[in-house]
Amino acid sequence: MQLSSQEALVLLREHNLLVKVVHNQSFTASDVHYDSRRVTPGSLFFCKGRTKPEYLASARQKGAVAYVAPQEDAAGGDLPGIIVNNEDKAMALLSAAFFGFPQDQLFLVGITGTKGKTTMAYFAYDALRNQEGKQVALLSTVNSVLGPKPTDTFKSALTTPESLDLFRDMRRAVDNGMDHMVMEVSSQAYLRNRVYGLKFDVGIFLNIFPDHIGRNEHPNFANYQFCKEQLMVNSRRCIINADDPHFADFYAAAKSTTDPEKIFVFGRPTENGDVPLDFSYQNDGENLHGSHFNLQALSARAKALAVAGDYHVDIAGDYNEGNATAAIITSGIAGAQPAAIAAALEHTRIPGRMDMLTTKHHGTVYIDYAHDYISVKRLVAFLRQQTHVSGRVIVLLGATGDKGISRREGFGKALSEEKADVAILTTDDPGFEDPKKIDQEIDSYIDHSRVGKVEYIMDRQKAIEHAIANSTPDDIVVLAGKGDDHFQKIKGANVPYPSDITVATETIKKLEK
């Protein structure tokens, strides 16, 4: 893999990104990087918005042959400098070219939504790879899977990787024989141009709620929604959830670039009034171990996919039926057969999603990634309904620092509305903020007349141990937020952390000895 200066300049000019070239001379890049620590001789180095001059100087000393930046930098010395008006778009475009446009060799499935992206991604991933002849890669918030070997599966750093990492992952997947890729597409992916230039074979919109609004993220809800709508604009076929209040906006965005005959609308029949559904789904019963639902095809194009029928998913929560429905439609479009889809959905498991641990002398423990208002509210309401709990509901959570600021108010509202008996506020990826101050902000939104008790325990491991040890057999203990994450993001570093599942499991073992 390589990229010549001539190829780079032609591409940038075609996309109106090139401003000028300094120290103009030809070069051929044998690698691409935006992290100066990883630069090797022959690399093209991308200076992103916060790149310090010393990073560029380091890249030059390590043998970089040129740099791409929003402005000329003296730290580049006599290196050729390609000055662009948008370094994020330039990095996406040139990275795709360097890795040989691997997206052209993949059937790309993109999923967006405030909630449910990961669950739907795993449903679709399992359904597609259960169909004989399909080799499927996965990019999710939890894991990335780029091939069949154990080393091809690893923890994800971002929901949607930086563009350079994304195209590197795609190239690795293609080289490993993958022909399909299912990926979560965050609003940040469009805000930061991580998927610039990508066209998805299928784009799915699940839902949208206020989230990711604040400093370092979206300035307001309108911008958040606009970024999510871009997946519809950049997909050849679209699947849209009609249950969402913003359905009309996303349908209009899809129609702006997609033939209406290639737009599939799904939803619950009782909630959609006059919306013309292609598919409707209806709950046939659920419990703590999963749910049954019936999927009906209503339009001619829906019937042509031949995926209607009865399904069972092995993940609790009737709200997951919509995620499963979107995955079924996606898999049908991609050519999977109903039997293969149904068999896969029955066995799909997601690390850190509705994991349940039982104890002999303490409460039942539920671990879930729920990390905003709607997910915590849904989770606690569902558990109350299914367990008919006679004891207390103990909820442990924290909020991330530097981003998702609106979640803090949401957590306070969810805990109050669902009348948690005990709220244990702790640390959850505080970044550069003080976790105690984050928790105090959450507490300021809690209605203490509805929540029995609020405790602060900043050490998350000790907080989990305390929650379980102080529960009784009739109690429910909810560990929300981190799921199977094995690190805490603290002051710019990923600090190792055992994961909520591990801590809870070990705590139960100790208590029951």
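A short tour of the structure in this document, coming up. Just so it is clear, the structure is predicted and the values come from calculations on it, not from any experiment. Within each chain, residue numbers correspond to sequence positions counted from 1 in written order. A pLDDT threshold of at least 70 governs which residues receive local features in this predicted model, and a stricter bar of 80 or more applies before side-chain atom pairs are shown or counted, although totals over entire chains, interfaces and linings include all residues. Note: side-chain values were computed over all heavy atoms of the structure, leaving out hydrogens and water.

A closer look at the pattern of salt bridges
A side chain of one charge can pair with a side chain of the opposite charge if their charged atoms are brought near each other. The cut-off we apply is this: Salt bridge, as used here, is a side-chain nitrogen of Lys or Arg placed within 4 Å of a carboxyl oxygen of Asp or Glu. Under the scheme used here, helices are H or I runs from DSSP no shorter than 4 residues and strands are E runs no shorter than 2 residues, and both carry numbers assigned from the N terminus. Type-normalised accessible area, obtained with a 1.4 Å probe on protein chains alone, sets the label of each residue: buried when under 20%, exposed when over 50%, and partly exposed for intermediate values.
According to the stated counting rule, one finds 28 salt bridges in the structure shown. A salt bridge links arginine 168 to aspartate 31, with the shortest nitrogen-to-oxygen separation between them at 3.9 Å. Within this pair, whereas arginine 168 is found in helix α5 (residues 163-175), its partner aspartate 31 is found in strand β4 (residues 31-33), the two being separated by 137 residues in sequence. Of the residues examined, arginine 168 reaches a relative accessible area of 29% and is grouped as partly exposed. Owing to a relative accessible area of 15%, aspartate 31 belongs among the buried residues under this scheme. Arginine 37 is the salt-bridge partner of aspartate 35, the closest N and O atoms lying 2.9 Å from each other.

As for the sheet that holds strand β2 (residues 18-22)
What counts, and what does not: Strands qualify as paired when DSSP identifies two bridges or more between them. Angles shown run from 0 to 180 degrees and are taken between the N-to-C directions of axes, each axis being a line fitted to C-alpha atoms and, for helices, limited to the stretch in contact.
Spatial strand order, β2-β7-β6-β5-β4: five strands in an open sheet with mixed pairing. At either end of the open sheet lies a strand with only one pairing partner, and these are β2 and β4. The mean inter-strand angle of the sheet, taken between neighbouring strand axes irrespective of direction, is 20 degrees. Strand direction decides the pairing type here: β4 and strand β5 (residues 43-46), joined by three bridges, are parallel. Counterpart to aspartate 31 in the pairing with β5 is serine 43.

Notes on the packing of helix α4 (residues 117-129) against helix α10 (residues 320-333)
This is how it is decided: An angle counts as roughly parallel when it lies under 35 degrees, as roughly antiparallel when it exceeds 145, as roughly perpendicular when it falls between 65 and 115, and as oblique in every other case. Less than a right angle of anticlockwise turn of the near helix away from the far helix marks a crossing as left-handed, whereas a clockwise turn marks it as right-handed. Residue contacts are defined here by distance: any two heavy atoms, one from each residue, within 4.5 Å place the two residues in contact. Here the nonpolar group is Ala, Val, Leu, Ile, Met, Phe, Trp, Tyr, Cys and Pro; Asp, Glu, Lys and Arg are the charged ones; every other residue, Gly included, is treated as polar.
The geometry of α4 relative to α10 is characterised by a closest axis approach of 8 Å and an angle of 40 degrees between their N-to-C directions. When the axes of α4 and α10 are compared, the pair comes out oblique. The chirality of how α4 crosses α10 is right-handed. Within the contact between the two elements, α4 uses Thr119, Met120, Phe123, Ala124, Ala127 and Leu128 and α10 uses Asn320, Asn323, Ala324, Ala326, Ala327, Thr330 and Ser331. Here the contact of α4 with α10 is composed, by residue class, of eight nonpolar, five polar and no charged.

So, the nonpolar core
Nonpolar side chains in soluble globular proteins generally cluster together in the buried interior. The condition is simple: Only buried residues count toward a nonpolar core, which is a set of Ala, Val, Leu, Ile, Met, Phe, Trp, Tyr and Cys residues joined through side-chain atoms within 4.5 Å.
Membership of the largest hydrophobic core comes to 61 residues, with the highest contact counts inside it found for Leu44, Met181 and Met183. Sort the elements by how many residues they give to this core and helix α3 (residues 87-98) lands first, with eight residues. By size, the runner-up hydrophobic cluster in this structure holds 46 residues, among which are Met120, Ala121, Ala127 and Val202.

Details of helix α1 (residues 5-14)
Quick reminder of the rule: Throughout, the arc means that of the directions going from the helix axis to the C-beta atoms.
Buried within α1 are the following residues: Ser5, Ala8, Leu9, Leu11 and Leu12. Down the axis, α1 shows its buried residues gathered within 165 degrees of arc, on one side only. In this structure, α1 carries Gln6, Arg13 and Glu14 as exposed residues pointing more than 90 degrees from its buried face. The inward-facing, buried residues of α1 contact β1 (3-4), β2, β7 (81-84) and α3. Looking one or two residues past α1, asparagine 16 carries a phi angle of roughly 55 degrees, positive in sign.

Remarks on the pairing of strand β16 (residues 279-287)
Across two bridges, strand β15 (residues 263-267) lies against β16 in parallel orientation. If you follow phenylalanine 266 over to β16, its bridge partner there is phenylalanine 279. As consecutive antiparallel partners, β16 and strand β17 (residues 290-297) are separated by two residues.

Some points on the sheet that holds strand β24 (residues 476-480)
Read across the open sheet, the six strands follow the order β19-β20-β24-β21-β22-β23; overall the sheet is mixed. Single-partner strands in this sheet number two, and they are β19 (355-357) and β23 (453-456). Strand-to-strand twist of the sheet, defined as the mean angle between neighbouring strand axes without regard to direction, takes the value 15 degrees. Direction of pairing for strand β21 (residues 393-397) relative to strand β22 (residues 422-425): parallel, over a ladder of four bridges. Within the sheet, the bridge partner assigned to leucine 396 lies in β22 and is isoleucine 424.

A short note on the pairing of β15
For a regular strand, side-chain orientation follows a simple rule: the groups alternate between the two sheet faces. Selection rule: If you view a crossover with the strands going away from you and the path from the first strand over the helix to the second runs clockwise, you call it right-handed.
For β15, the buried fraction is high: five of the five residues fall into the buried class. Residue alternation in β15 divides its side chains into two sets, Ile263, Val265 and Gly267 and Phe264 and Phe266, and both sets are buried. In the sheet, strand β14 (residues 235-241) pairs with β15 via four bridges, with the strands oriented parallel. Counterpart to asparagine 241 in the pairing with β15 is phenylalanine 266. Crossover β14 to β15 through helix α8 (residues 247-255) is right-handed.

Regarding the environment of phenylalanine 264
Mapped onto the secondary structure, phenylalanine 264 falls in strand β15. A residue is classified by how much of its surface remains accessible, and phenylalanine 264, at 6% relative accessible area, is buried. It is 7.8 Å that separates the C-alpha atoms of phenylalanine 264 and leucine 277, two residues lying 13 residues apart in sequence. Among all residues touching phenylalanine 264, those that are not within four sequence positions of it are Cys238, Ile239, Ile240, Asp278, Phe279, Arg301, Ala302, Leu305, Ile329 and Ile333.

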